[in-house]
Amino acid sequence: MAGAASKGHPFFAKGRRLWALVRKESRQVVRDPSSIAIGIVLPVVLILLFGYGLSLDVKNVPVAVVLEDPAPEATELAASFQLSPYFDAALLTSMVRAQQQMLARKVDAILRIRPDFTRHLALGDAEVQLLVHGTDANHARIIQVYAQGAIGQWAARRAAEGKEALRGPVTVQNRVWFNEANESRYFLVPGVIVLIMTLIGAFLTSLVVAREWERGTMEAMFVTPVRPDEILLGKTIPYFVLGMIGLALCLLAAKFLFHVPFRGSALVLIGSSMLYLLVALAMGLLISSALKSQFVASQVALLVTFLPAVMLSGFLFDLRSMPAAVRVITYIVPARYYVTLLQTVFLAGDIWAVIVPNAAVLTGMASLFFVLTRRATQKKLA
Amino acid sequence: MSTDAQTTLALRGRDIRKTFRRATGEIINALDGVSLDVAHGTLTALVGPDGAGKTTLIRLATGLIFADAGELTVLGVDVAADPQQVQDRISYMPQKFGLYEDLSVQENLDLYADLHGVTHEERRERYPRLMEMTALGPFTGRLAGRLSGGMKQKLGLACTLVRSPELLLLDEPTVGVDPLSRRELWDIILRLVNDQELSVILSTSYLDEAERCGHVIVLHEGKMLAHGAPAEVSALAAGRTFLADPPMGKLARALQAQLLDDPGIVDAVPEGGRVRFVGNENVQDEGKKMKIEAAEPRFEDGFMVLLHKSAQGAKEKRSREGIEKERPGSLSLALPGSWSPGVQEEAVVQVRDLVRRFGVFMAVDHVSFEVRRGEIFGLLGPNGAGKTTTFRMLCGLLPATSGTLRVAGVDLRYARASARQRIGYVAQKFSLYGQLTVAENLNFFASAYNLRGLRKRDRMSWALEQFELGPLADLPSGQLPGGYKQRLAMAAALLHEPETLFLDEPTSGVDPLARRDFWRRITALAEQGVTVIVTTHFMEEAEYCDRVVIMDAGRVLAQGTPAEVRRRAYGEGEREPTMEDAFIAIVEEAREQNSDQALGPGQPGRDPYTVEEEREQNDGQPAGRGAA
C-alpha cells in the first residue's frame, strides 16, 4: 500500500483509492457465498457434469442379440457386439423375448441373426436384421452406424483370417478429424470454459454494480474523492482474477482429469481467454450500471450473454447447419469467437489464420464495451 | 471567481428549481424556486413533510443531481460546474447510510479513510475518538450487516467523519431509529458542531430535532416556507397555543379528535393526559367552551401554523380549479355489523407468561399483559426489544415456545385459523401488490378473507370511501404517495371487519401530517369498538393509547396508562416528563440493573442491539456469534 509520504501526489492518491476499492470488492467476493458458488463451485460442477455425466457419446447401448443360427460364423458376429465398447449386448434365442424387452425399453436395439444366416453368407447375400428404438432419432442413427461398424469389424477380421471377403454388409469406416475417438468431452470441456467465463464475467458482475445502487452504497461512494474510472477498475480487477481462477480450474481438469488433447500454445489460450473475460466483464458491468436493479440485470445478463454462449457460439450446435438469418446473428455473439479460438487451440494447434482475426474481433468488442461502460458510470443519480 | 461573501457561506442557493417526471408521466416540482444561505459552523435542519424537497436539495448540494435552473454554490464552488471538487471536500450520509454490510465495522471505516486519503498518523489520532464517540469500540470486528439499526446509523456517521469535512450532509439520519439510539446520535452531532465548529446540514421529519438546531429551513411541496432560528418558527404560534383538559370521563384523544375537526383549530395533539392545541388568530372564544391554559409554543406548533397557512393558500387555489377535497373532516367511520363502541371490561387479548426462544436466545421472556375490547394498546421498546416477535405470535404467524395466548377468546395454540378471521394485521413494510391497482388489491384481499357477492362489494366501497381512496382506485398501488399506501394497507386489513387490528410500526418514516391523519383514523376506529394494538418509535404517539407496555430485551419493564408510565419514571413533584424521557429512563434503569446483576461490568453478554437482526437472519439458530 502507498505510504503516507506519497500523500498529495494525485497519481499515488489515485492508486491508493483504487487499491482500497479492489480490496473492498475482493472481501465482498470472498464473503458472499453466491460469488464463491458461481466463481469456484460452479466451474467444478460444470466440468464434472460435462466431463462425466453429460456426454453426447453413445456408449453401452443395451442391445439384444437374437442368435437363431448356432453356426460359428454367426456366434462370432454376435461376439463382436458383445465385445464392442459401444454395446451392452445380451444374447437371447427368442425373438419374442427380445421384442418384449424392446417394448419395455430395456434394450434400445435388437440384432437378429436368422437361422439361415450361414447359408446366405456362403451365397454372398447374408442379412442381419437390426431393429432400433426410434424415439430419439439422433440416438437411433448413431446406433445404426455403430452396428454397421461392429459388423464391418467382424467382416474385416474374417477377411484377415483369409476367409472369403464379404459381398454382404458394407464395411463403414468412421473417422472424425480432430476428435478421432469421437469423444464429445474433447469439445465439451473447452465449451465449459466458455460457459464459466461468461458466468463469472457477465452474470456475476451484472449483480455487483446494481447491488451498490440498491443498497445505497453507490450514493455514499460517489460523494468522496473517488473517480468513476476507479470505481470501474475496482470492480473489474477482482472479478478478472476470479475468472482466471475459474479458467485455471477448467484447464487443470481438462488436462489431468479428462486428458483432452492440447495442441496449441498455452500463451494463446490464456491470452484469448483474457480477451474474452474482458469482453464479458465489460458487458456485465454495462448491464449492471445501466439497469441498477440486481434482478433485472441478472435476467438481462443471462439472456444476452449466457444463452447466446450456449446456443449461438458453436459450442453445442454447429453454426454451419444454422439457417442463414441465425448465422448472421452469431457474428455479434462474442462467445462465438472465443469458442472458435478454444477449439482451434485445443484440438488443432496454433493456426494463426484463425487466431488473429478472432482475437482481433474480441479486442474490438472489449474496447467498445469498456467505452460504453465508462460512459454509463457517471457520478450522477438518475 | 468566488467573492469573500460567498466563501464565508457553506451553501448558497438562488432560485433553485428541479422537476422530476413520475412513471405515470406526471411532473413533480421537487424544488420550486428555493433561495437560501447557510453559514459556516452552523447546524441547519431541513424540515418538512414527505415530498417537500429535502432529499432533492441535499442531493443537489452533493453534485449527484443537477438543478434545472438557478444557482447553487457549496463551499464557494459552483456544484454544477465542478461536482468533484465539492465531493472531495464534503461528507455525505444518504438515507440508506451507504455501509457495506458484508464488511466489518473497521473495514468500512478503513475504506472511507482510504477513499478520502486519510494518512495513517491521522487515523491513529482519529479512530479512538470516533470509537469513543460512537461506542462502537467493542464491535470493530463485527460485520456491519449484523449491527442494529441504531449502531448502523452511528457507523454511517463515523464513516463520514474519518476526516474533518468542510460540510457534513445527513439525509434523515434518525429515521426508523429508536429513541435511545436517536438521542445518542444527536449527542454526537451536537458535540461535533460545538467542539469542532463543523458545518452540518441535515434533513429530518422529527420536529423536536429541528428545535435543537441553530437554524431551520422549512420546506413544503418544493417551496421554502421559513428560514431562520427555530424560535422564530415557534413564535408564529405565540399566543395561540393552549393546553386543554378533557372534561371528566372523556379521553384526551377524544377531545383532540374533536378539536382537530374544528375549522378554527390549526393543530391538536394529546400530551400528558391533556390536549395541546394551536388555534387560529381569533382563538380566544375557544376558552369559553372549555378549560384552557396558555402554553409555551414549541417548534412543532409553529411548523403546523406554517403548513396550515400554506395548505389554505393551496386550498384556495385548488377550489378555484375545482378539485377541492377536504381533509378527513368529521370521521365517523360508519361501521356496520359486529363492532360495538367503547372500551369494555372484556379482555380481547390475553397473554400470560409468553416465551419465545430462538436457540439459546430468549426473544420474548415471560411476557404477560391483557388488552380490553375497544382499547388502543401500545407496545413500545427499542430495536430488538422483542416487539415484533410478540406481534407475530399474537397474529398466529409464529408459534410460542410456552405460555398462554388467547386472541378474541380463542387459544392461538389450537385454533389459529379461526383467530385469524377475527384479526387484521398491517405489517411494518408495505406488503401489498405494487403492480396491482388500489381496487385490485382490495378485491384480492376481500377474496382472501372469503368475502363474496354483495358483502364484498359493500366492504370494498366502504374501504374506498372511508380511506378516501376512491379517486385513486385505478392507480397501481406501488405509485401511491407514502401516506396513501399506508391507508390502503389499513383498508385491506379492515375489509373483513376484524375485532382486533394489529399495526407494526405504522408511522415509521411517515411525516407529521400523515401521522396525524393516521391517528385520527385509529381513534375513530377505537370509538367504534375495534381493539387496536400498535407498536411505535414515536413516544409522543403513546399518548394516543389507553394503555402501553414498555419492553426491552424480551421483558416487560413497565405497564399502564401513559400517565402512570410517565409517573413511574419520575418522582412526584419533579417536572412533568415527556413520554420519551420516561421511556429512556425506564429502559436505561432496567439495563443498568440487568448488567449489575447478571453480568460483570464490561461484559455485555446479552447484547441488546444485535439480537433482532441476528434472529431474522438465522431463524432458530443460536444467536451471539460475535466478532469475525
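Residues numbered from 1 in each chain as written. Chains lettered and ligands numbered in written order. Predicted model: local features only at pLDDT ≥ 70, side-chain atom pairs only at ≥ 80, totals over all residues.

J.: What am I meant to see in the confidence of the model for chain A here?
T.: For any part of a model where pLDDT is low, the fine detail of the predicted coordinates should not be relied upon. All names here are of chain A. Of all residues in chain A, 88% have pLDDT values of 70 or greater, and the mean over the chain is 82. Scored below 50 in pLDDT, residues 1–7 shows eleven contacts in the model against residues more than four places distant or in partner chains. Long-range and interchain partners of residues 169–182, a stretch whose pLDDT sits below 50, account for 20 contacts in this model, where long-range means more than four residues apart. (pLDDT = per-residue confidence, 0-100. Contact = placed C-beta atoms within 7 Å.)

J.: Just checking my understanding: could you explain the packing of helix 1 (residues 10–31) of chain A against helix 4 (residues 105–115) of chain B for this structure?
T.: Working note: a packed helix pair is described by the angle between its axes plus the distance between those axes. Packing of helix 1 of chain A against helix 4 of chain B leaves a shortest axis separation of 8 Å and a crossing angle of 155°. Put simply, helix 1 of chain A runs roughly antiparallel to helix 4 of chain B. By crossing handedness, the relation of helix 1 of chain A to helix 4 of chain B is classed as left-handed. Together, A:Arg16, A:Arg17, A:Ala20, A:Lys24 and A:Arg27 of helix 1 of chain A and B:Glu107, B:Leu111, B:Asp114 and B:Leu115 of helix 4 of chain B make up the contact between the two elements. For the contact of helix 1 of chain A with helix 4 of chain B, the residue count by class is three nonpolar, no polar and six charged. (Axes fitted to C-alpha atoms, helices over the stretch in contact; angles between N-to-C directions. Helix = DSSP H or I, 4+ residues; strand = E, 2+ residues; numbered from the N terminus. Parallel < 35°, antiparallel > 145°, perpendicular 65-115°, else oblique. Left-handed = near helix turned anticlockwise from the far one by under 90°. Nonpolar A, V, L, I, M, F, W, Y, C, P; charged D, E, K, R; others polar.)

J.: Explanation requested: helix 18 (residues 512–527) of chain B in the structure shown.
T.: Since one α-helical turn is 3.6 residues long, residues separated by three or four positions face the same way. Residue and element names in this part refer to chain B. Here helix 18 is 16 residues long and its end C-alpha atoms lie 23 Å apart, about the 22 Å a rise of 1.5 Å per residue gives. Of all 16 residues in helix 18, 15 are buried; the element is thus mostly enclosed. At the exit of helix 18 stands Gly529, carrying a positive phi of roughly 100°. (Expected span 1.5 Å × (residues − 1). Buried ≥ 20, exposed ≤ 12 C-beta atoms within 10 Å, placed from the backbone.)

J.: Explain the sheet that holds strand 2 (residues 87–92) of chain A to me, please; I cannot follow it from the model alone.
T.: Backbone-to-backbone hydrogen bonds join strands into a sheet, with any given pair of strands oriented parallel or antiparallel. All names here are of chain A. If you walk across this open sheet you meet the four strands as 2-1-3-4, and the pairing is mixed. Looking along the sheet, the strands with just one partner apiece sit at the ends: strand 2 and strand 4 (129–132). Each strand of the sheet is rotated relative to its neighbour by a mean of 20°, with strand direction disregarded. Bridge count between strand 1 (residues 61–67) and strand 3 (residues 109–113): five bridges; the pairing is parallel. Residue pairing across strands places Val63 opposite Ala109, the latter belonging to strand 3. Where helix 3 (residues 72–83) meets the sheet, it contacts strand 1, strand 2 and strand 3, and its direction lies at approximately 170° from that of strand 1. Each of strand 1, strand 2, strand 3 and strand 4 is contacted by helix 4 (residues 95–103), which is oriented at about 165° to strand 1, the strand it contacts most. (Pairing = 2+ DSSP bridges.)

J.: I tried to follow the interface of chain B and chain A on my own but got confused; where do I start?
T.: Many analyses report the size of an interface as the accessible area lost when the parts associate. The partner chain A presents 25 residues to the 28 residues of chain B that form the contact. At the level of secondary structure, the elements contributing two or more residues to the side of chain B that touches chain A comprise helix 2 (54–62), helix 3 (83–89), strand 6 (90–93), helix 4 and helix 5 (120–134) of chain B. Among the elements that line the side of chain B that touches chain A, the one with the most residues is helix 4 of chain B, at five residues. Its residues assigned to classes, the side of chain B that touches chain A comprises 13 nonpolar, eight polar and seven charged.

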